[in-house]
Amino acid sequence: MKLEIADLAKTYNGKDYVLKDFNYTFESGKFYAVMGPSGVGKSTLLHILGLLDEKTSGEIRLDGVPLALQGEEERADMRLMTFGFVFQEFFLNPKLTVLENVMVPMHIHPEYSGKANREKKRQRARELLRQFHIEEYEDRYPSELSGGEQQRVGIARALANNPEIILADEPTGNLDEKNEENIFETLKTLAESGKMVIVISHNDAVKDYADAVLMLKKA
Ligand SMILES: Nc1ncnc2c1ncn2[C@@H]1O[C@H](COP(=O)(O)OP(=O)(O)O)[C@@H](O)[C@H]1O
Ligand SMILES: [Mg+2]
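Since we're looking at a predicted model, the values are computed, not measured. (Residues numbered from 1 in each chain as written. Chains lettered and ligands numbered in written order. Predicted model: local features only at pLDDT ≥ 70, side-chain atom pairs only at ≥ 80, totals over all residues. Heavy atoms only, no water.)

### Focus: the overall build of the protein chain
The secondary structure content of the protein chain amounts to 6 helices and 9 strands. Expected size for 219 residues packed as a compact globule is a radius of gyration near 17 Å; at 17 Å, the protein chain falls within 12% of this value. Taken along its principal axes, the extent of the C-alpha atoms in the protein chain is 50 × 40 × 30 Å. When contacts within the protein chain are restricted to residue pairs at least 6 apart in sequence, those whose partners lie at least 24 apart make up 72%. (Helix = DSSP H or I, 4+ residues; strand = E, 2+ residues; numbered from the N terminus. Rg over C-alpha atoms; globule rule 2.2 N^0.38 Å. Contact = heavy atoms within 4.5 Å.)

Below you can see the structure in the form of structure tokens.
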């Protein structure tokens, strides 16, 4: 897949631009690191790409199709099917078990949605937990896991619907060095398996994993 960004601009207040004249093309199978000082617009960019925020102007095309063409319902589906978002704060649901958290995005998936498919959802979620070596925690609640383990649940959840594009906003910001390497390694493996992986990080270590580094500057 190709995610093309043309002349992207974003202002929150109508006068100060957070992003301006931003042009870039992201491709599947690559790990991109987005870096730059705090407040430069990294999260804003990622939120716009993941359809969590609106751009002010410019165009974003996914395999040639402008993202603006979809209606709200289709965008909501894309958020859960095409994009997988990983957050610094994990944002797991504290009232759901690890397994249930991973199943959350699947409620809109054509193959997994509905009560009848609950067992299918479970199997898929278990498979993802196994992939990240946290299957023994499936019945625990997020508060019973370490930060590194919670983030692996966050990544498993982001992959629930097998999205083509993984967006991660400082995924290791709340983790120690060992877990940090583990998460970068995991994301790198996803890129090698053909996903498009875009990771915001303050940490220079991300450069060891990235195929390309985008250094954002003040607009
Ligand atoms: N929802 C918002 N409303 C108004 N201003 C915002 C909002 N989100 C971010 N900003 C501002 O936009 C700028 C860029 O923020 P952000 O994208 O979070 O930067 P970064 O992730 O690089 O630290 C900052 O000045 C921030 O205060
Ligand atoms: Mg940020």
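### Focus: the sheet that holds strand β1 (residues 2-11)
Sheet strands pair via backbone hydrogen bonds, and the direction of the pair is either parallel or antiparallel. The strand order across the open sheet formed by 4 strands is β2-β1-β4-β5, and the pairing between neighbours is antiparallel. Strands with a single pairing partner mark the edges of an open sheet, and in this sheet they are β2 (17-27) and β5 (65-66). Two strands pair when backbone bridges link them, and strand β4 (residues 57-62) and β5 are joined in this way by 2 bridges, in the antiparallel orientation. By the bridge assignment for β5, L62 is matched with V65. (Pairing = 2+ DSSP bridges.)

### Concerning the sheet that holds strand β7 (residues 165-169)
Ordered by their spatial adjacency, 5 strands build an open sheet running β6-β7-β8-β3-β9, and the pairing between neighbours is parallel. Here the strands that pair on one side only, and so sit at the sheet edges, are β6 (83-87) and β9 (212-215). Between one strand axis and the next, the sheet turns through 15° on average, direction left out of account. By the bridge criterion, 4 bridges tie strand β3 (residues 31-35) to β9 in an arrangement that is parallel. Bridge pairing in β9 places M35 opposite M215. On top of the sheet, helix α1 (residues 42-49) reaches β3, β6, β7 and β8 (196-200); it is set at about 150° to β7, its chief contact. (Axes fitted to C-alpha atoms, helices over the stretch in contact; angles between N-to-C directions.)

### Some remarks on unusual backbone geometry
Even without being a glycine, D7 presents a positive backbone phi close to 50°. Mapped onto the elements of the fold, D7 is located in strand β1. A relative accessible area of 47% places D7 in the partly exposed class. Look at L51: it is not a glycine, yet its phi comes out positive at around 65°. Tracing the chain through its elements places L51 in the loop between α1 and β4. By relative accessible area, L51 is classed as buried at 4%. (Buried < 20%, exposed > 50% of the residue type's maximum accessible area, 1.4 Å probe, protein only.)

### A closer look at the side chain of T82
Looking at the element boundaries, T82 is found in the loop between α2 (72-81) and β6. Its relative accessible area of 15% is what places T82 among the buried residues. Ignoring anything within four residues of it in the chain, the contact list for T82 reads L62, D77, P163, E164 and I165.

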